[in-house]
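# Architecture at a glance
Residue-level listing of the chains:
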Amino acid sequence: MRFEGRILGKSGVNKMQTAYTVYDILIDMGYSMRFSFDKYEYSISYMKEENDILFFNDAEHMIEVYSYERNFEIPTERANELGLETYYRFSNIYGKELIILELLHRYLEENPNDIFYVDNGRYYNKAIIDSIYNGKHDKNWMYRPLYSIKSISEYINIFLTTTVSYMGGMGNITDTRHRGEKSVELRYEGRTIDKRKNSKFGTAYRVIRALKKAHCKNIVNIKRESYNILYAKCNNKKIIEIYCNTQMTDIPTDEIKQMGFETYFRITDLIGKEMQVLEVVHNYLKKFPEDIFYIDNGCYFTKSQIDEIFDNKNKNEKWIFKKRERDRF
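Because the structure is predicted, anything quoted here is derived from the model rather than measured.

Here we come to unusual backbone geometry. Although it is not a glycine, His215 adopts a positive phi angle of roughly 65 degrees. As for its placement among the helices and strands, His215 is situated in the loop between α7 (203-213) and β9 (217-223). Residue class for His215 comes out partly exposed when judged on its relative accessible area of 47%. Unusually for a residue other than glycine, Asn218 sits at a positive phi of about 50 degrees. Mapped onto the fold, Asn218 is located in strand β9. A residue is classified by how much of its surface remains accessible, and Asn218, at 56% relative accessible area, is exposed.

This is how it looks when you write it as structure tokens:
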């Protein structure tokens, strides 16, 4: 199982002022071993406790933090509408839930207006984190609905209490990707989901066949214990990165979980590769017509919907942003 978490804050703020806040908190929590490297738009840091002698050989106890200093990364349309962008991203929080809870409790004391988002579709503000932190600590806190919150109305009231005033007067985020501004980076992930009970061991090879039919080249298959990572070069020279589950489950939202769906493969970044991804998904769904393609902006696509888009002579890269009916499945 794999979950990502993000700390979201108000857009348009100079992030250089907050770039080291999480690192300082982790150091205060005993994470004094650090390996990091900087990119132009963001930095990646790997941090571990001082008594962990092994570093990269012991990834289970490592905290991986992406710090966005110049660009932003929007996980959902809801965050976009609220005027939120990513300040920090934790690439894998599974097994580190109580550490993340402690980190968030400290971080939100200093930044009470920020929001924590988990890729199962849940948002947590300071009031909700405080409610969880002050209760009985549960390592499954981010997977259980509402916890000590007695009802959905109470959840909404608590969330709105510390959020509405903060959101007041916010302008909409403008997508400037096509203006050549390097300060902006939108990011979307896509997943194929299904209720199949059969083994996932062949998922990587099925996806490889779909990649080849989509004329992708230089396909690399990296095998891990519970998943494979595929890298393939598109016709536009960009790299597609796909996580293929072989054993673990990777559930993006509560809604999908309630419907009994599981993730079979996940494409990590669709921006700039929309047309190539469309062709890959189209080829894959020919073999598995009952599967659903889900995008983390909340859109769902069945095979018939993908076929309709693919066969449209006027198709373009904006297809992943179009809302789709869900009642067909």
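Attention now moves to the packing of helix α9 (residues 274-287) against helix α10 (residues 303-311). Angle between the axes and distance between the axes: these two values describe a pair of packed helices. Between α9 and α10, the shortest axis-to-axis distance is 10 Å and the interhelical angle comes to 135 degrees. Relative to α10, the element α9 lies oblique. In terms of crossing hand, the pair formed by α9 and α10 is left-handed. On α10, the residues that touch Leu278, Glu279, Val281, His282, Leu285 and Lys286 of α9 are Lys303, Ile306, Asp307, Ile309 and Phe310. In the contact of α9 with α10, the residues fall into 6 nonpolar, 1 polar and 4 charged.

Its location among the elements puts Asn228 in strand β10 (residues 227-233). Note on Asn228: relative accessible area 6%, which makes it buried. Engagement of the side chain of Asn228 in a polar contact is seen with the side chain of Asn221, the distance being 3.1 Å. Those residues in contact with Asn228, other than ones at most four positions away along the chain, are Ala204, Asn221, Ile222, Lys223, Ile242, Tyr243, Cys244 and Thr246.

About the thresholds
Residues numbered from 1 in each chain as written. Predicted model: local features only at pLDDT ≥ 70, side-chain atom pairs only at ≥ 80, totals over all residues. Heavy atoms only, no water. Helix = DSSP H or I, 4+ residues; strand = E, 2+ residues; numbered from the N terminus. Buried < 20%, exposed > 50% of the residue type's maximum accessible area, 1.4 Å probe, protein only. Axes fitted to C-alpha atoms, helices over the stretch in contact; angles between N-to-C directions. Parallel < 35°, antiparallel > 145°, perpendicular 65-115°, else oblique. Left-handed = near helix turned anticlockwise from the far one by under 90°. Contact = heavy atoms within 4.5 Å. Nonpolar A, V, L, I, M, F, W, Y, C, P; charged D, E, K, R; others polar. Polar contact = N/O pair within 3.5 Å; in protein donor to acceptor, adjacent residues only side chain to side chain.

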